[in-house]
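# Per-entry structural report
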Amino acid sequence: MNPAAPRALILAAGRGERMRPLTDTCPKPLLPVRGKPLMQWTLEALLRGGVRRLVVNTAWLGDQVEHHFGPQRLSDVRKQLSIKEQFELHFSGEGHDFGGALETAGGIARALPQLGEVFWVLAGDVFAPDFTFTQAAVDRFTASGQLAHLWLVPNPPHHPGGDFGLSPGGLALNQADTRYTFSTIALYRRALFEVPWCDIPPGNPDGVVAPLAPLLRRAIDAGRVSAALYTGRWTDVGTPERLAELNATA
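Not measured: the values here are computed from a predicted model. (Residues numbered from 1 in each chain as written. Predicted model: local features only at pLDDT ≥ 70, side-chain atom pairs only at ≥ 80, totals over all residues. Heavy atoms only, no water.)

Secondary structure assignment for the protein yields eight helices and 13 strands. Relative to a compact globule of 250 residues, whose C-alpha radius of gyration would be 18 Å, the protein shows 17 Å and is just as compact. Expressed as a percentage of its 250 residues, the buried residues of the protein come to 52%. A sequence separation of at least 24 residues applies to 77% of the contacts in the protein between residues at least 6 apart. For the protein, the accessible area works out to roughly 11,200 Å², and carbon and sulfur atoms hold 53% of it. (Helix = DSSP H or I, 4+ residues; strand = E, 2+ residues; numbered from the N terminus. Rg over C-alpha atoms; globule rule 2.2 N^0.38 Å. Buried < 20%, exposed > 50% of the residue type's maximum accessible area, 1.4 Å probe, protein only. Contact = heavy atoms within 4.5 Å. Areas by Shrake-Rupley, 256 points an atom, 1.4 Å probe, with all protein chains shown as cover.)

Let us now look at the packing of helix H1 (residues 38–48) against helix H3 (residues 71–80). The contact between H1 and H3 brings their axes to 11 Å, and the two run at 50°. On the basis of their axis angle, the class for H1 and H3 is oblique. For the pair H1 and H3, the crossing hand works out as right-handed. Side by side, H1 and H3 meet where Gln40, Leu43, Glu44 and Leu47 of the first sit next to Arg73, Leu74, Val77 and Gln80 of the second. Of the residues belonging to the contact of H1 with H3, the class tally is four nonpolar, two polar and two charged. (Axes fitted to C-alpha atoms, helices over the stretch in contact; angles between N-to-C directions. Parallel < 35°, antiparallel > 145°, perpendicular 65-115°, else oblique. Left-handed = near helix turned anticlockwise from the far one by under 90°. Nonpolar A, V, L, I, M, F, W, Y, C, P; charged D, E, K, R; others polar.)

Next up, the structure:
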């Protein structure tokens, strides 16, 4: 495996309350979307983008996720995508270690020792089949010196108020007349999850539960977060209705 290849964290630890009763017995990452598990779409996109070390955080029904994406499934994916190099998939078992999910910042801090100086993060329940993960994006971000780069999307009907604005110079804004929704797709620099920005020790040994939004908003206020608008297909697969709509339009 190329040690310089980009790394990524797929967020898959949530309970999926809004997706119940489907997620009472099946973790959201394994719900079928157009013929394959939802998280597999994300996994394959990252592999096509050159990522060769992936970490998946799990909690609710995490054993099912780990069992499904075992060696045989990964071998099949590798053959399907004609990937010659080896890649690694590791699990950050928050449920096993702490009895539940650590939220986004807590989960990233927990996985930090397995990630590089710059890494991708995105939610495993987001369907964005047109998004491409490129080395060029990683290189631009690395050279920028910013702490994070977010991809924003036009606001979906279930989130009309959006999350962040976008300046003409490409900075994320906390206050703006026009706000967009955070797609969950982002590049981060390790430094964002270290002092002085984050006081959780790398590896999060105490299992601190911490959301990402306050951390991001502080960095945005300091002008350290860039952003771009992504207008391809994107769905937050958060309810049975959205899942059914995706599968009906396959």
